[in-house]
Amino acid sequence: MKVLKTYFEVFEILKNEFCDFNLESEKVSIQEAVFRIVAQNIVSGIDVPHFDKSTVDGYALRCEETFEANDENPAVFEIVGEVKTGEVPDLQIQKGQAARIFTGGYVPQNANVIVMLENTIEEDGKLYVFKPAKPGENILRKGEDIKKDSIVIKKYQKLEPAQIGVLAAIGKKDVEVFKKIRVGIISTGDEIISQDEKLDSAKIYDVNSFTLYTSCYKEYALPKMYGIVKDDFEALKDALFKALQENDIVLISGGSSVGTYDNTLKAIESLKDSKVLVDGVSIKPGKPTIIAKVGTRAVFGLPGHPVSCLFIFNFFVKRLIDIILHQQDTSRKVLAKMKTSIATSSGRTEFVFVKLHFGDEILAEPLYGKSGSINLLNNASGYIRVDATKTGIKAGDIVEVILI
Ligand SMILES: Nc1nc2c(c(=O)[nH]1)N[C@H]1C(S)=C(S)[C@@H](COP(=O)(O)OP(=O)(O)OC[C@H]3O[C@@H](n4cnc5c(N)ncnc54)[C@H](O)[C@@H]3O)O[C@H]1N2
Ligand code: MOO
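Since we're looking at a predicted model, the values are computed, not measured.

### Quick notes on the site of ligand 2
Around ligand 2, the neighbouring residues are Pro285, Gly286, Lys287, Pro288, Pro303, His305, Ser308, Arg348 and Ser371. One of the side-chain nitrogen or oxygen atoms of Ser308 is found 2.4 Å away from an oxygen atom of ligand 2.

Given below as structure tokens:
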């Protein structure tokens with residue numbers, strides 16, 4: 001009998017086999033680079049800001065002269081000019097002098113504080129300051145945000161909008177990022193037809209090509225469909241061979257189980273340099289999952305049932321993409337209270353889909369349905385894990401829900 005691997009053994013295998021995957025890089029504009037992974041450390045060529053900058057509208061002056069100021073005895077300054085935002089001022093602040101300045105303005109020489117407009121009165125060319133000001137107050141110093149020559153973004157860091165902002169601030173127009181992981185997608189089965197065909201009895205529309213293709217978008221991978229292949233060993237082998245030439249990961253859905261027409265394992269094994277790493281996992285859904293390495297590339301045989309297929313993408317394929325890109329597990333999780341009890345009995349680790357209800361507390365309502373019912377996922381917010389040693393979870397128990 002086949003020995004099934006546990007899911008954490010599979011995680012370890014994926015990590016050991018694919019952690020030094022050779023990724024090529026490419027240069028893209030910073031606005032195109034969002035959610036991509038940086039291919040080299042990025043060093044700032046400038047200080048940000050690259051001049052002492054006012055963070056408020058007010059007056060530039062020397063703070064020492066305000067130390068004795070109070071409501072009755074304001075410090076008095078002569079206004080010697082105005083700093084135009086975006087221009088370097090040609091004035092210097094001497095003792096007893098102040099200059100008007102606006103948010104973002106270049107702090108004039110000798111000034112060491114900007115007093116906020118609201119804390120002053122300007123009358124007949126004179127400025128009255130009623131409170132002591134602290135040195136450096138309301139000034140963003142040259143290099144205070146980002147120092148010249150410092151590493152601002154590290155290799156393998158993901159570029160979220162905030163990081164794109166940092167790149168913009170240091171004047172970058174483009175950035176070197178890892179190329180998107182290319183994922184080839186094959187559906188198999190004599191009963192599977194495309195949406196262009198007439199739905200005869202005993203046929204079903206291809207669902208997995210589309211759920212897998214669109215799941216790749218969520219992982220910022222580059223999917224390509226290779227169509228529907230009949231239950232024919234040679235045809236599947238040819239499609240797999242072609243997809244492997246053009247992709248980093250190939251996903252075959254259907255034909256991964258033990259039926260006479262289940263050709264996925266045979267097709268993988270027939271390829272030169274192939275090594276089957278996993279053939280069956282002790283989980284539900286997703287038991288008939290196959291994972292292989294062909295040369296340096298990965299091939300997944302995914303269960304045909306649409307729910308199992310999509311679940312295994314989220315559980316293992318996503319994990320592999322994270323490993324290749326040196327990312328932590330990026331699944332989002334919330335704690336919730338079970339709305340009703342559930343029983344589990346497969347002897348495998350079970351993943352139960354739940355719908356979340358948000359109110360004073362977050363409730364997780366278990367969803368029932370078979371692995372073939374894609375509509376089950378239509379209603380699911382996420383899933384919970386029930387270990388193989390357990391026989392279920394009781395209503396009221398707090399569970400961790402992994403969001404999908
Ligand atoms: N004797 C056994 N039979 C089965 C086992 C087992 O351990 N022993 N495992 C069951 C489990 S669990 C699953 S999951 C399925 C997976 O089987 P396959 O990966 O070989 O998938 P198929 O048999 O080809 O298809 C299963 C089911 O899914 C439908 N399907 C397939 N591809 C698509 C697609 N692209 N779009 C929509 N639906 C698809 C297919 O028509 C079947 O209904 O095996 C169990 N059997
Ligand atoms: O992958 Mo299967 O869903 O365990 O029926």
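There is more to say after this.
### So, the site of ligand 1
Residues in close proximity to ligand 1 total 23 residues, the closest being Glu191, Asp206, Val207, Ser256 and Ser257. Contact between ligand 1 and Asp206: a nitrogen atom at 2.8 Å from a side-chain N or O atom of the residue. Residue Gly304 places a main-chain N or O atom 2.9 Å away from an oxygen atom belonging to ligand 1. Calculation on ligand 1 without its partners gives an accessible area of 870 Å², and the protein chains cover 71% of this total. Of all the elements in the fold, those that place two or more residues in the shell around ligand 1 are strand E15 (204-205) and helix H6 (306-324). Taken together, the residues of the shell around ligand 1 break down into nine nonpolar, 10 polar and four charged.

### Observations concerning the nonpolar core
In terms of nonpolar packing, the biggest core is built from 49 residues, with Leu14, Ile249, Leu251, Ile283, Phe300, Phe315 and Phe316 touching the most fellow members. The greatest single-element share of this core, amounting to 13 residues, is contributed by H6. When residues no more than four places from it in sequence are discounted, the contact partners of Ile249 are Ile181, Arg182, Val183, Gly184, Ala298, Phe300, Leu320, Ile321 and Ile324.

### Thoughts on the packing of helix H3 (residues 208-218) against H6
For any two helices packed against each other, one specifies the crossing angle of their axes together with the interaxial distance. Relative to each other, H3 and H6 sit at 20°, their axes nearing to 10 Å. Between H3 and H6, the crossing angle belongs to the class labelled roughly parallel. With respect to the hand of their crossing, H3 and H6 are arranged in right-handed fashion. For the pair H3 and H6, contact is made by Asn208, Thr211, Leu212, Ser215 and Cys216 and by Pro306, Cys309, Leu310 and Phe313, respectively.

### A short note on the sheet that holds strand E21 (residues 297-302)
Pairing is mixed in the open sheet, where six strands are placed in the order E16-E13-E17-E21-E20-E18. In the strand order of this sheet, the two ends are held by strand E16 (222-229) and strand E18 (274-279), each with one partner. Averaged over neighbouring strand pairs, the angle between their axes works out to 20° when direction is ignored. Direction of pairing for strand E13 (residues 182-188) relative to E16: parallel, over a ladder of six bridges. Across the sheet, the residue bridging to Ser187 is Ile228, located in E16. Contacts between H6 and the sheet are confined to strand E17 (249-253) and E21, with E21 contributing the most and set at about 170° to the helix.

### Examining the confidence of the model for the chain
Residue-level pLDDT values for the chain average 94, and 100% of them are 70 or greater. With pTM at 0.89, the complex prediction returns an ipTM value of 0.93.

The rules behind these values
- Residues numbered from 1 in each chain as written.
- Chains lettered and ligands numbered in written order.
- Predicted model: local features only at pLDDT ≥ 70, side-chain atom pairs only at ≥ 80, totals over all residues.
- Heavy atoms only, no water.
- Near = heavy atom within 4 Å.
- Polar contact = N/O pair within 3.5 Å; in protein donor to acceptor, adjacent residues only side chain to side chain.
- Areas by Shrake-Rupley, 256 points an atom, 1.4 Å probe, with all protein chains shown as cover.
- Helix = DSSP H or I, 4+ residues; strand = E, 2+ residues; numbered from the N terminus.
- Nonpolar A, V, L, I, M, F, W, Y, C, P; charged D, E, K, R; others polar.
- Core = buried A, V, L, I, M, F, W, Y, C linked by side-chain atoms within 4.5 Å.
- Buried < 20%, exposed > 50% of the residue type's maximum accessible area, 1.4 Å probe, protein only.
- Contact = heavy atoms within 4.5 Å.
- Axes fitted to C-alpha atoms, helices over the stretch in contact; angles between N-to-C directions.
- Parallel < 35°, antiparallel > 145°, perpendicular 65-115°, else oblique.
- Left-handed = near helix turned anticlockwise from the far one by under 90°.
- Pairing = 2+ DSSP bridges.
- pLDDT = per-residue confidence, 0-100.

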